[in-house]
Amino acid sequence: MLRFKVINSFGILYFTAVVILIYTHHISAWWLVLGGLLWVGMLAWGAFDIRLNIFVKAISSKRNERQKRIAITFDDGPTLFTPMVLELLSKYNAKATFFCIGNQVQQYPSILQQTLAEGHLIGNHTQTHTTRMGFLSADEVYQEIILAEQTIQNTTGIRPMWYRPPFGVTNPKIAKALSKTDYKIAGWNIRSLDTVIEKEQRIFERIKHKIKPGAIILLHDTTERSVQALELLLIELTKQGYEMVTLDELLNH
Ligand SMILES: [Zn+2]
């Protein structure tokens with residue numbers, strides 16, 4: 001919320017100054033339009049880029065990490081692709097974090113239980129992952145979070161401590177809902193675009209260029225190509241001597 005307030009304070013100062021200058025120095029009123037566009041633009045950018053921390057304080061990487069450790073995260077499962085992901089993670093001795101959708105958990109409870117049993121970390125990714133998430137009221141967002149929490153807890157006996165906003169979208173209502181919880185909020189600093197890019201090789205290349213200690217990689221356990229890209233990534237990380245750890249391990253929580 002902090003940066004949101006800073007941006008708004010700057011905006012108010014700017015508009016006050018421009019209005020005064022319009023009256024005293026007859027500057028162009030276009031400065032008001034320009035400022036307005038910038039203000040809206042910055043907030044819109046902040047709503048879609050969780051790394052900016054404009055509305056919520058999300059952890060997008062571990063800064064100044066000295067050890068070759070990296071966190072791979074998977075969103076939107078569990079699905080029928082999750083067992084393949086688990087098999088690869090086990091083959092390459094990797095641990096990961098899964099941000100699960102409550103509805104998916106209800107469909108595949110045993111896959112979630114297996115994920116946990118294999119030493120991975122489970123996070124909350126709302127109950128329905130509705131595409132209307134950015135338009136919900138604070139109460140509705142809160143319900144989404146709590147319902148998913150109960151679903152995960154009923155299935156595994158464990159209450160998730162991490163939350164990742166669907167689509168990485170944040171706004172003042174989502175921030176308000178989260179402020180009523182004690183969730184740690186996870187972002188990412190390597191976005192694979194695996195739901196958009198069709199070739200696994202290209203998904204992998206996109207990640208490969210950005211590999212660095214302390215990074216948080218975003219993938220989805222929802223498609224065949226993500227599974228294939230994961231194997232390429234695990235081979236590369238192993239070759240480079242990386243340890244693949246959960247978010248808790250990476251951040252020493
Ligand atoms: Zn998602």
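Residues numbered from 1 in each chain as written. Predicted model: local features only at pLDDT ≥ 70, side-chain atom pairs only at ≥ 80, totals over all residues. Heavy atoms only, no water.

A.B. asks: Any chance you could explain the pairing of strand 7 (residues 216–220) here in plain terms?
C.D. replies: The two faces of a sheet get side chains in turn, since along a regular strand they alternate between them. Burial analysis of strand 7 places five of its five residues in the buried class, the great majority of the element. Because side chains alternate across strand 7, one face comprises the buried residues Ile 216, Leu 218 and His 220, and the other comprises Ile 217 and Leu 219, equally buried. Pairing of strand 1 (residues 69–77) with strand 7, which is carried by five bridges, proceeds in the parallel orientation. Note that in strand 7 the partner of Thr 73 across the bridge is Leu 218. The sheet contact formed by strand 6 (residues 190–191) and strand 7 spans two bridges and is parallel. If you follow Ile 190 over to strand 7, its bridge partner there is Ile 217. Handedness of the crossover is the feature at issue here: the chain leaves strand 6, passes through helix 8 (residues 200–208), returns alongside strand 7, and the resulting connection is right-handed. (Buried < 20%, exposed > 50% of the residue type's maximum accessible area, 1.4 Å probe, protein only. Helix = DSSP H or I, 4+ residues; strand = E, 2+ residues; numbered from the N terminus. Pairing = 2+ DSSP bridges. Right-handed = clockwise from strand over helix to strand, strands pointing away.)

A.B. asks: Please explain helix 9 (residues 224–239) as it appears in this structure.
C.D. replies: Structural remark: α-helix, 3.6 residues per turn; residues separated by three or four positions point the same way. For helix 9, which comprises 16 residues, the first-to-last C-alpha distance of 23 Å matches the rise-based estimate of 22 Å (1.5 Å per residue) to within 8%. Within the sequence span of helix 9, burial applies to Ser 226, Val 227, Ala 229, Leu 230, Leu 233, Leu 234, Glu 236 and Leu 237. Buried residues in helix 9 make contact with strand 1, helix 3 (82–91), helix 8, strand 7 and strand 8 (243–244). Backbone geometry just downstream of helix 9 places Gly 241 in the positive-phi region, at approximately 80°. (Expected span 1.5 Å × (residues − 1). Contact = heavy atoms within 4.5 Å.)

A.B. asks: Explain helix 7 (residues 172–179) to me, please; I cannot follow it from the model alone.
C.D. replies: The complete set of buried residues in helix 7 reads Ile 174, Ala 175, Ala 177 and Leu 178. Buried residues of helix 7, seen end-on, are gathered within an arc of 160° and therefore sit on one face of the element. Exposed positions of helix 7 whose direction lies more than 90 degrees from the buried face are Lys 176 and Ser 179. Check the buried side of helix 7 and you find it contacts helix 6 (138–156), strand 4 (162–163) and strand 5 (184–185). With a side-chain oxygen positioned 2.9 Å from the backbone nitrogen of Lys 173, the residue opening helix 7 is Asn 171. (Arc of directions from axis to C-beta. Polar contact = N/O pair within 3.5 Å; in protein donor to acceptor, adjacent residues only side chain to side chain.)

A.B. asks: It is not clear to me how unusual backbone geometry should be interpreted in this structure. Could you clarify?
C.D. replies: When glycine is set aside, most residues are seen to have a negative phi, and most peptide bonds are trans. Here the residue pair Gly 77 and Pro 78 is connected by a cis peptide bond, since its omega of -5° sits within 30 degrees of zero. As for its position among the elements, Pro 78 is in the loop between strand 1 and helix 3. Positive phi, close to 55°, is recorded for Asn 53, a residue that is not glycine. Relative to the elements of secondary structure, Asn 53 occurs in the loop between helix 2 (30–48) and strand 1. The class for Asn 53 is buried, based on a relative accessible area of 15%. Here the phi dihedral of Phe 167 falls at roughly 65°; this positive angle occurs in a residue that is not glycine. Looking at where Phe 167 falls in the secondary structure, it is placed in the loop between strand 4 and helix 7.

A.B. asks: Would you mind going over the packing of aromatic side chains with me for this structure?
C.D. replies: Two numbers describe a pair of aromatic rings. These are the distance of the centres and the angle of the planes. Tallying each qualifying case throughout the model produces five aromatic pairs. In textbook terms, an aromatic cluster arises when at least three aromatic residues are bridged by ring pairs, as seen for Tyr 14, Phe 15 and Trp 39. Residue placement shows Lys 180 over the ring face of Tyr 142; its charged tip is 5.0 Å from the ring centre. (Phe/Tyr/Trp six-rings, centres within 6.5 Å; stacked < 30°, edge-to-face > 60°. Lys NZ or Arg CZ within 6 Å of the ring centre and 35° of its normal.)

A.B. asks: Explanation requested: the domain arrangement of the protein chain in the structure shown.
C.D. replies: Quoted interface sizes are often the accessible area lost when the parts come together. With domains assigned, the protein chain is organised as domain 1 (2–48) and domain 2 (69–250). With centres defined by C-alpha atoms, the gap from domain 1 to domain 2 works out at 37 Å. Taken together, the four residues of domain 1 in the interface contact four residues of domain 2. Taken together, the two surfaces of domain 1 and domain 2 that pack against each other cover about 310 Å², and 53% of this comes from carbon and sulfur. Taken as a group, Phe 4, Ala 47 and Phe 48 account for 92% of the area that domain 1 buries against domain 2, more than any other trio of residues on that side. Between the two partners, domain 1 and domain 2, sit zero salt bridges. Where domain 1 meets domain 2, there are one residue pair in polar contact (both at pLDDT 80 or more). Of the residues forming the side of domain 1 that touches domain 2, the biggest block, three residues, is contributed by helix 2. (Domains from an automatic or database assignment. Buried area = accessible area lost by both parts, 1.4 Å probe. Salt bridge = Lys/Arg side-chain N within 4 Å of Asp/Glu carboxyl O.)

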